[in-house]
Amino acid sequence: MDPVTIGIVAVIAMLALIALRVPIGLSLIFVSFLGIMGIAGPRAAMSMLSTIPYSSSASWTLSSIPMFLLMGYIAYHSGLTRGLFEAARVWWGWLPGGLAIASLGGSSGFAAVSGSSVACSAAIGRIAIPEMHRQGYDLRVATGSVAAGGTIGALIPPSIILILFGIQSNASINALFVGGLFVGLASLVFYILAVLAVWLRTPEALPRAQAYTMGDRWAKTLEIWPVLLLILSVLGGLFGGIFTATEAGAFGAFMALVIGVLRRSLSWAGFKESLVDTLLAAGALFIIAIGANLFTRLVAMSGLSVEISGFVEGMGLGTTGLLIMIALIYLALGMFLEPIGALLLTLPLFLPLIGMHGVDKVWFGILVAKLLEIGMITPPVGLNVFVIHSVARDFVKLEQIFAGIVPFLIADLLLIAILIATHGFF
């Protein structure tokens, strides 16, 4: 069997294993090992299997991931993020659909601490959805806004997806964070416009909440000063050139620990749980990263990326056509795969293509992060939707949540269209 055929069979076998619910990290490692063995023999495969796990894991940049994860888990277990929705509510609750808008604002703040869509949806959903239910909100909009708001976590720093993209593509992580912050805030604006569009169509679905005085607003804001200090110190040091991404993660974890101890809100049990959660999450990510590096070697050795590049060039799509095709592939994959797995599975195939077309890697990374997070709210998998359903299963059905995300999906697709249309400016 020639190398290109082995590469094609490997991709098909990997997708089959993933469809059978084999963990994506193990699927990548197993199929890549067999593929390399088929091309270069068992000695070469064993050599790569013995060296790549260490070279993949012993990365200074990759060490930022457990640090940012630890920062988020400590902030969560010490209760630093509990007041985010309340603070957003007193500022925006008086607007049409104000509680839904407040849930989006609270999600953006939580994203700046955790970088996790699922954690963001779970934390904000536990507080915001019961409150919107009491206020008489249409449950479809209430749950849809929280599920969509959680996706902002993939863009606003610290974003695990952007860190992994930067490592795999050798793009500047700081530049990815700056672009991710901009597009994350743009996503927030588009989601707010989606809420207002629903209100214009059905005002009764989104009643106005209580208006608060300026004194009440500042009082609530002061209650969340620890998390604001954490966000500003980490992002300020990162964007100000004081920290690298890894140093920012370590500093953020240390700051979260100090704040939790000084406020006496972080117990010893909570700290241990934060460490365990971090080790489990980071371990799973590292296994996927090892598998992705093995798969990259397989793709290079098989010549599959060259064949795909030649095939795409023969189609005469042009840069915009190529980006639309990649966007459609990511939207389809997002319906079945979790974002990090889909990212690391596809980058070895797509990076050579966008390189040939002169597409800026930082811009492409932000586009990919946005596309992958849309998959968090699309059926049939939609992890954020299932998280919201687990939080609010007593008074909302799963199909109602999926119906509620439609306005936000439309907003996402409009933003994607704008990003693709403006790719030539980057």
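Structural data are supplied above this passage.
Residues numbered from 1 in each chain as written. Predicted model: local features only at pLDDT ≥ 70, side-chain atom pairs only at ≥ 80, totals over all residues. Heavy atoms only, no water.

A. Spatial organisation of the nonpolar core. Leu230, Leu343 and Phe364 are the most contacted members of the largest nonpolar core, which totals 141 residues. Once residues within four sequence positions are removed from consideration, phenylalanine 364 is found in contact with Phe165, Leu323, Ile326, Phe350, Ile354 and Val359. (Core = buried A, V, L, I, M, F, W, Y, C linked by side-chain atoms within 4.5 Å. Buried < 20%, exposed > 50% of the residue type's maximum accessible area, 1.4 Å probe, protein only. Contact = heavy atoms within 4.5 Å.)

B. Structural detail: the packing of aromatic side chains. Throughout the structure, instances matching the rule amount to seven aromatic pairs. Seen from their ring centres, tyrosine 191 and phenylalanine 408 are 5.7 Å apart, and the 80 degrees between their planes marks the pair as edge-to-face. Here tyrosine 191 is found in helix α10 (residues 173–201), whereas its partner phenylalanine 408 is found in helix α21 (residues 406–421), with 217 residues between them in sequence. Of the residues examined, tyrosine 191 reaches a relative accessible area of 1% and is grouped as buried. Judged by relative accessible area, phenylalanine 408 falls into the buried class, the value being 2%. Between tryptophan 268 and phenylalanine 271, the ring centres sit 5.7 Å apart and the planes meet at 35 degrees, which makes this aromatic pair tilted. Placement of both tryptophan 268 and phenylalanine 271 in helix α14 (residues 268–302) is noted, with a separation of three residues, approximately one turn of the helix. Residue phenylalanine 271 is classed as buried on the basis of its relative accessible area, which comes to 18%. (Phe/Tyr/Trp six-rings, centres within 6.5 Å; stacked < 30°, edge-to-face > 60°. Helix = DSSP H or I, 4+ residues; strand = E, 2+ residues; numbered from the N terminus.)

C. Focus on the side chain of threonine 151. Locating threonine 151 in the fold gives a position in the loop between α8 (139–150) and α9 (160–169). Separated by 3.1 Å, the side chains of threonine 151 and tyrosine 191 make a polar contact. Beyond its immediate stretch of four places on either side in the chain, threonine 151 contacts Ser117, Tyr191, Glu373, Met376, Ile377 and Asn384. (Polar contact = N/O pair within 3.5 Å; in protein donor to acceptor, adjacent residues only side chain to side chain.)

D. Here's a closer look at helix α16 (residues 318–334). Given a rise of 1.5 Å per residue, 17 residues ought to cover 24 Å, and the 24 Å separating the end C-alpha atoms of α16 matches this to within 8%. Every buried residue of α16 is accounted for by Gly321, Leu322, Leu323, Ile326, Ala327, Tyr330, Leu333 and Gly334. (Expected span 1.5 Å × (residues − 1).)

E. Fine view of the packing of α16 against helix α18 (residues 361–374). Orientation of α16 relative to α18, taken along the N-to-C sense of each, is 35 degrees, at an axis distance of 8 Å. Read as a crossing pair, α16 and α18 show a hand that is right-handed. Contact with α16, carried on its side by Leu323, Ile326, Ala327, Tyr330 and Leu331, involves Trp363, Phe364, Leu367, Val368, Leu371, Leu372 and Ile374 of α18 and no other residues of that element. Tallied by class, residues from the contact of α16 with α18 come to 12 nonpolar, no polar and no charged. (Axes fitted to C-alpha atoms, helices over the stretch in contact; angles between N-to-C directions. Left-handed = near helix turned anticlockwise from the far one by under 90°. Nonpolar A, V, L, I, M, F, W, Y, C, P; charged D, E, K, R; others polar.)

F. Broad picture of the layout of surface pockets. For the largest pocket, the calculated volume is near 1200 Å³. Surrounding the largest pocket, 48 residues form its lining, Val118, Glu338, Pro339, Ile340 and Leu383 being those nearest its centre. Partitioning the lining of the largest pocket into residue classes produces 33 nonpolar, 10 polar and five charged. (1 Å grid on protein atoms, 1.4 Å probe; cavity = no way out; pocket = protein on both sides within 12 Å on 5 of 7 lines; lining within 4 Å. Points joined across faces, edges and corners; volume = space filled by probe spheres on them.)

G. Unusual backbone geometry, seen in detail. With an omega of 0 degrees, the peptide bond between proline 157 and proline 158 qualifies as cis. With respect to the helices and strands, the residue proline 158 is situated in the loop between α8 and α9. A positive phi angle is found at arginine 264, which is not glycine, with a value near 55 degrees. Positionally, arginine 264 belongs in the loop between α13 (245–262) and α14.

H. Up close: helix α3 (residues 42–57). Helix length check: α3, at 16 residues, gives a terminal C-alpha distance of 23 Å against a target of 22 Å (1.5 Å per residue), a fit within 8%. Roughly 30 degrees is the biggest bend found in α3, and it falls at threonine 51, with proline proline 53 one to four residues downstream. The set of residues buried in α3 consists of Ala45, Met48, Ile52 and Ser56. Where α3 is buried, its residues meet α2 (24–40) and α14. (Bend = angle between axes of the 7 residues up to and from the residue.)

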